[in-house]
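# Report on the structure
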Amino acid sequence: MIEIRPGEYKGTYMHYGVREHSMGAAMNGIALHGGLIPYGGTFLCFSDYCRPSIRLAALMQIRTIFVMTHDSIGLGEDGPTHQPVEQLAGLRAIPHLAVYRPGDPVETAECWELILEAPRQAALIALSRQPMPLLRRESGDDNKSAKGGYILLEAEGGERKLTILSTGSELHLAVQARDALQKQGIPTAVVSMPCRLLFEQQDPAYKKAVLGRSRARVAVEAAVELGWERYIGLEGRFVGMHSFGASGKIADVYKKFDINADAVVRAAHETLAEIAAP
């Protein structure tokens, strides 16, 4: 990686420092000029500092790419000042902005491909600090993330009774919870939703097929609930953040806020009881 310096313009990398707004504004200018595809990054929490530039990129429908890392309480010891809680909901509210939060390395590659193939689409990709397991091991050329949401694992052993929806670093928790529920005799599907904007562009039949007919639904994401109500409804349950974060090791912080597979299983039983109640 060669840095661009005064008088030396053969490089491909520019140091912006802690200047998120100017970074976004400069990238917008580069995208408008053409010839290059600009991308720049910072912690997701600090997307607040460049939000005006993100909003303008979406408004102008230009391919400016915002790579936002450390996207949850999983960043650990830096604490709540650096831990994004409400940012994902706020960014997803910006019209025309494609917000991607991939759940494993394969989804990350798929989302990056989608970003590069959309010249009139501003995009933000939220990436996690902590290690994440590989969940997609099947072969094939289909980009499953292209529809924004898809069935990662279908229910087995009968008609689907429950749907777990998730993104990013919590997707593997949904898979773990699904395994436990399947062992309990509850046919459970896991839906990965890396990009809501793309999912909302699909036809109603596809969205209904992905979400399933059962009203028993659980969403799990290490962020605020705002926006998930659209998919889980009044009888669904949400496992995630209801306050600001805390400083600590990754495992300890997730335990403190009860974001784990056991919590998803408990939430599943709650929503199943809710829809079964007279």
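Attention in this report is confined to the structure presented alongside it. Keep in mind it's a predicted model, so treat the numbers as computed, not measured.

### Focus: the pairing of strand S2 (residues 65–69)
In terms of burial, S2 is largely enclosed, as four of its five residues are buried. Pairing geometry for strand S1 (residues 39–43) and S2, over five bridges, is parallel. Paired with Gly40 across the two strands is Phe66, which belongs to S2. With helix H2 (residues 51–60) bridging S1 and its parallel neighbour S2, the resulting β-α-β unit is right-handed. Summarising the sheet, S2 and strand S4 (residues 123–126) pair through four bridges and their orientation is parallel. Bridging across to S4, Met68 finds its partner in Ala126.

### As for the side chain of Thr271
If you trace the backbone, Thr271 turns up in helix H10 (residues 261–276). The class of Thr271 is buried, set by a relative accessible area of 0%. Of note is the side chain of Thr271, whose polar atom sits 2.6 Å from the backbone oxygen of Glu235. Non-local contacts of Thr271, meaning those with residues more than four positions away in its chain, are made with Leu162, Arg215, Ala216, Arg217, Val218, Glu235, Gly236 and Arg237.

### Considerations on the pattern of salt bridges
Throughout the structure, instances matching the rule amount to 17 salt bridges. Glu200 is paired through a salt bridge with Arg230; the nearest N and O atoms lie 3.0 Å apart. Taken as a pair, Glu200 in helix H6 (residues 196–200) and Arg230 in helix H8 (residues 229–232) lie far apart in primary sequence, 30 residues in all. By relative accessible area, Glu200 is classed as partly exposed at 27%. The class for Arg230 is exposed, based on a relative accessible area of 60%. A salt bridge links Asp258 to Arg266, with the shortest nitrogen-to-oxygen separation between them at 2.4 Å. On the basis of relative accessibility, which here comes to 33%, the residue Asp258 falls in the partly exposed class.

### A word on the nonpolar core
Among the nonpolar cores identified, the biggest contains 44 residues, and Ile73, Leu162, Ile164, Leu165, Met193, Val239 and Ile259 are the most heavily contacted of them. The greatest single-element share of this core, amounting to seven residues, is contributed by H10. Non-local contacts of Ile259, meaning those with residues more than four positions away in its chain, are made with Ile73, Glu170, Leu173, Val220, Ala222, Val239, Gly240, Met241 and Tyr254. Membership of the second largest hydrophobic core comes to 21 residues, among which are Met68, Leu88, Ile94 and Ala223.

### A look at the environment of Ala31
Within the secondary structure, Ala31 sits in helix H1 (residues 20–33). A relative accessible area of 17% means that Ala31 is categorised as buried. In this structure the C-alpha to C-alpha distance between Ala31 and Ala57, which are 26 residues apart in sequence, comes to 9.0 Å. Setting aside anything within four residues of it in sequence, one finds Ala31 in contact with Pro38, Ile62, Arg63 and Thr64.

### Some details on the pairing of strand S7 (residues 188–192)
In terms of burial, S7 is a largely internal element, five of the five residues being buried. You can see the chain leave strand S6 (residues 162–166), run along helix H5 (residues 171–183) and come back into S7, and the turn it takes is right-handed.

### Side note on H10
Its 16 residues give H10 an end-to-end C-alpha distance of 23 Å, which sits within 8% of 22 Å, the value for a rise of 1.5 Å per residue. Elements in contact with the buried residues of H10: S6, H5, strand S8 (217–221) and strand S9 (237–240). Between the side-chain oxygen of the N-cap and the backbone nitrogen of Asp262 there are 3.2 Å, and the N-cap of H10 in question is Asn260.

### A few points about the sheet that holds strand S5 (residues 150–153)
Spatial ordering of the open sheet is given by S5-S7-S6-S8-S9, a layout of five strands whose pairing is mixed. If you trace the sheet from one side to the other, it starts and ends with S5 and S9, each paired once. Going from strand to strand, the sheet's axes swing by 30° on average, the running direction of each strand aside. Pairing of S6 with S8, which is carried by four bridges, proceeds in the parallel orientation. Looking at S8, one finds that Ile164 is bridged to Val218.

### Some details on the side chain of Ser192
Mapped onto the secondary structure, Ser192 falls in strand S7. Overall, Ser192 belongs to the buried group, its relative accessible area being 0%. A polar side-chain atom of Ser192 sits 2.5 Å from a polar atom in the side chain of Glu107. Once residues within four sequence positions are removed from consideration, Ser192 is found in contact with Glu107, Gly148, Gly149, Tyr150, Leu152, Ser166 and Leu171.

About the criteria used
Residues numbered from 1 in each chain as written. Predicted model: local features only at pLDDT ≥ 70, side-chain atom pairs only at ≥ 80, totals over all residues. Heavy atoms only, no water. Buried < 20%, exposed > 50% of the residue type's maximum accessible area, 1.4 Å probe, protein only. Helix = DSSP H or I, 4+ residues; strand = E, 2+ residues; numbered from the N terminus. Pairing = 2+ DSSP bridges. Right-handed = clockwise from strand over helix to strand, strands pointing away. Polar contact = N/O pair within 3.5 Å; in protein donor to acceptor, adjacent residues only side chain to side chain. Contact = heavy atoms within 4.5 Å. Salt bridge = Lys/Arg side-chain N within 4 Å of Asp/Glu carboxyl O. Core = buried A, V, L, I, M, F, W, Y, C linked by side-chain atoms within 4.5 Å. Expected span 1.5 Å × (residues − 1). Axes fitted to C-alpha atoms, helices over the stretch in contact; angles between N-to-C directions.

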